[in-house]
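# Structure assessment
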2 protein chains.
Amino acid sequence: MQALWLENNQLTYQDNIPIPKPRQGEALVHVNLAGICATDLELIKGYYPYTGILGHEFVGEIVQAIDAPERVGERVVGEINIACGLCDTCLRGHFTHCERRTVLGIINQAGAFAEYLCLPLKNLISVSESIPDEVAVFTEPLAAALEIQEQITIFPTNRVLVVGAGRLGQLIAQTLVLTGCHLQVVARHEKQRQLLATRQIGWVDENAISQHTFDIVIEATGSVEGFALARQAVRPRGTIVLKSTYKGDISVNFSSLVVDEIRLIGSRCGPFAPALRLLENRLVEPTLLIDYRYPLSEGLQAFGRIEQPGIFKILLFLT
Amino acid sequence: MQALWLENNQLTYQDNIPIPKPRQGEALVHVNLAGICATDLELIKGYYPYTGILGHEFVGEIVQAIDAPERVGERVVGEINIACGLCDTCLRGHFTHCERRTVLGIINQAGAFAEYLCLPLKNLISVSESIPDEVAVFTEPLAAALEIQEQITIFPTNRVLVVGAGRLGQLIAQTLVLTGCHLQVVARHEKQRQLLATRQIGWVDENAISQHTFDIVIEATGSVEGFALARQAVRPRGTIVLKSTYKGDISVNFSSLVVDEIRLIGSRCGPFAPALRLLENRLVEPTLLIDYRYPLSEGLQAFGRIEQPGIFKILLFLT
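Residues numbered from 1 in each chain as written. Chains lettered and ligands numbered in written order. Predicted model: local features only at pLDDT ≥ 70, side-chain atom pairs only at ≥ 80, totals over all residues. Heavy atoms only, no water.

What follows deals with the overall build of chain A. A tally of helices and strands in chain A yields ten helices and 19 strands. On the principal axes, the C-alpha backbone points of chain A span a range of 55 × 45 × 40 Å. Looking at chain A residue by residue over its 319 residues, the buried ones come to 58%. Long-range contacts, defined here as pairs at least 24 residues apart, represent 68% of the contacts in chain A between residues at least 6 apart. Only carbon and sulfur atoms are counted for the fraction: they give 50% of the accessible area of chain A, which is about 12900 Å². In chain A, which carries 27 positive and 34 negative side-chain charges, the distance between the mean positions of the two groups comes to 4 Å. (Helix = DSSP H or I, 4+ residues; strand = E, 2+ residues; numbered from the N terminus. Buried < 20%, exposed > 50% of the residue type's maximum accessible area, 1.4 Å probe, protein only. Contact = heavy atoms within 4.5 Å. Areas by Shrake-Rupley, 256 points an atom, 1.4 Å probe, with all protein chains shown as cover. Lys, Arg positive; Asp, Glu negative; His and termini not counted. Charge placed at Lys NZ, Arg CZ, Asp CG, Glu CD.)

Below, the structure written as structure tokens:
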């Protein structure tokens, strides 16, 4: 089958990869559509070691499921963390933190930039007919955005700032605006601002932020500058949610965190079911983010394009 | 009057300081007993700029209160943060974070290592007759310990680790053990371990900590090594409470905080009323920590002694 293969920081297109064989409890899924995400770019840069098929945002169709033949033909999205179900962390119910987890296209599990992938049946969530593929493919990043609301309470009266208006920042802002909170998004580029405006979300220039006034700041840039901005914006006893990964260590004034009693929260993967509900109700509109669609066979060109400024989302399709 | 005066990183004993004059809404308090705290040592080292009378842990007696003559003679402890009551932070009820606050013996407010001090009447909390001075003098640090329980829920089933078994670590441990949680305290020195044992609190050697297993870790050392230990001990989705200030910046792997969804919380001053309740009920026994008592006139000797290893608390008394 066709796939995009990552090895030694080099992504290649290959058309002779064997179709994976589902193990017990797993299904074979034909990938309809897959999305390129910042994590894919970080994996290529070698921030984390990974060799294999890249990709973890997808929508597809179950084509084989020995233990559940009734699910063949089902259109699905997939929870990317494959948990053992047996370790202390799993027994506590924190499956996305399983000590022995593999992660689709990220840790020891062949990913979604391919014609087919395998995932455990319990990871595959049915997609309602009313959600088209180009919407459903955003379930995984939207779930990651919603992890914020799983971790902290956002009160309707809160002043909330999102630092960063790229792919993830836009999805986060679209979910936060639903809380009724006072929301502002730091957006540098005109295209980012326009996209926010289509959802009636207010943007703010980074030089015009009221310092030490925001109850909650979401840091979605993964940069030292983004964190510095978040730290300046948050009020005493406020919360900073770290929603992106960072290259290398960051030097932090811990004493000021203590004196101001700041709360810092790391945030990663989130819940799929509520993401699908918001997509079905069209309360979130991710298709605004789609810039280009490429056939998988032209996947390398897609990766060449996504690092250009002003690009939100590129999808890879299989026919 | 007598006082310990800090200026240009130099602490001096002086006996000719004018007795402060209470302003409207303030009281003049005679200091009976005052405690030396790590923050005093940091102020002397110049971590924060301060010139004036040092000291913020005290118990005393109101000797003058023009607006409330009925309170003269009352034995009191004092909330050290003096809030304006008018700024956005005060209006939100976060008085200890007042944007214009002064802080007893720390920021622009003459402190407690003196015969007399002034504080607003609303900062002065009456001490029950059943609480002796040598117990009441621990109200402020005990309140700071209880700030943890104000900020996070400690479930009785939680595994909790306190890193550091000095002055503050001991008080924190004494309050945490009351929750019924599974509590361990990292204690290096025999005297620290013995003190914990008198309260049936378990200690652990820093090399014997189960990694990534604690739901909550309290970092009470204010050192880079202490934070590293806390980071190793906390489980995915767990919480680290930063309870001490740190010298300079600390370099942190933010990506690992994101991947493990760790929560970091800075924690400073806490509520006096519950601290007094625990002291009155003898549920916390701070007098175990007292190593020495010095008259204020020998305060400089006391400061010479407190940095020696194995010293928990030194009190300064006035007769």
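Let's shift gears to the domain arrangement of chain A. Residue and element names in this part refer to chain A. Assigned domains of chain A: these are domain 1 (3-126 + 285-317) and domain 2 (145-266). Put simply, the middle of domain 1 and the middle of domain 2, counted by C-alpha atoms, are 28 Å apart. With 16 residues of domain 1 at the interface, the matching set in domain 2 holds 13 residues. Note on domain 1 versus domain 2: buried area summed over both sides is about 1200 Å², and carbon and sulfur give 59% of it. Three residues, Leu288, Leu289 and Phe312, lead the burial of domain 1 against domain 2; their summed loss comes to 46% of the area buried on that side. Linking domain 1 with domain 2 are one salt bridge. Between Lys191 and Asp291 there is a salt bridge whose closest N-O contact spans 2.6 Å. Across the domain 1-domain 2 interface, the total number found is five residue pairs in polar contact (both at pLDDT 80 or more). Residue contributions to the side of domain 1 that touches domain 2 peak at three residues, all from helix α1 (residues 38-45). Residues of the side of domain 1 that touches domain 2, tallied by class, amount to eleven nonpolar, one polar and four charged. (Domains from an automatic or database assignment. Buried area = accessible area lost by both parts, 1.4 Å probe. Salt bridge = Lys/Arg side-chain N within 4 Å of Asp/Glu carboxyl O. Polar contact = N/O pair within 3.5 Å; in protein donor to acceptor, adjacent residues only side chain to side chain. Nonpolar A, V, L, I, M, F, W, Y, C, P; charged D, E, K, R; others polar.)

Residues and elements named next belong to chain A. Positive phi, normally seen in glycine, also occurs at Arg282, with a value near 55°. Relative to the helices and strands, Arg282 is located in the loop between α9 (272-280) and β18 (290-295). For Arg282, a relative accessible area of 39% gives the class partly exposed.

This brings us to the state of the cysteines. Residues and elements named next belong to chain A. Counting across every chain of the model gives zero disulfides over all chains. Of the cysteine sulfurs around Cys118, a residue in no disulfide, the closest is that of Cys98, at 19 Å. Residue classification places Cys118 among the buried positions, given a relative accessible area of 7%. (Disulfide = S-S within 2.5 Å.)

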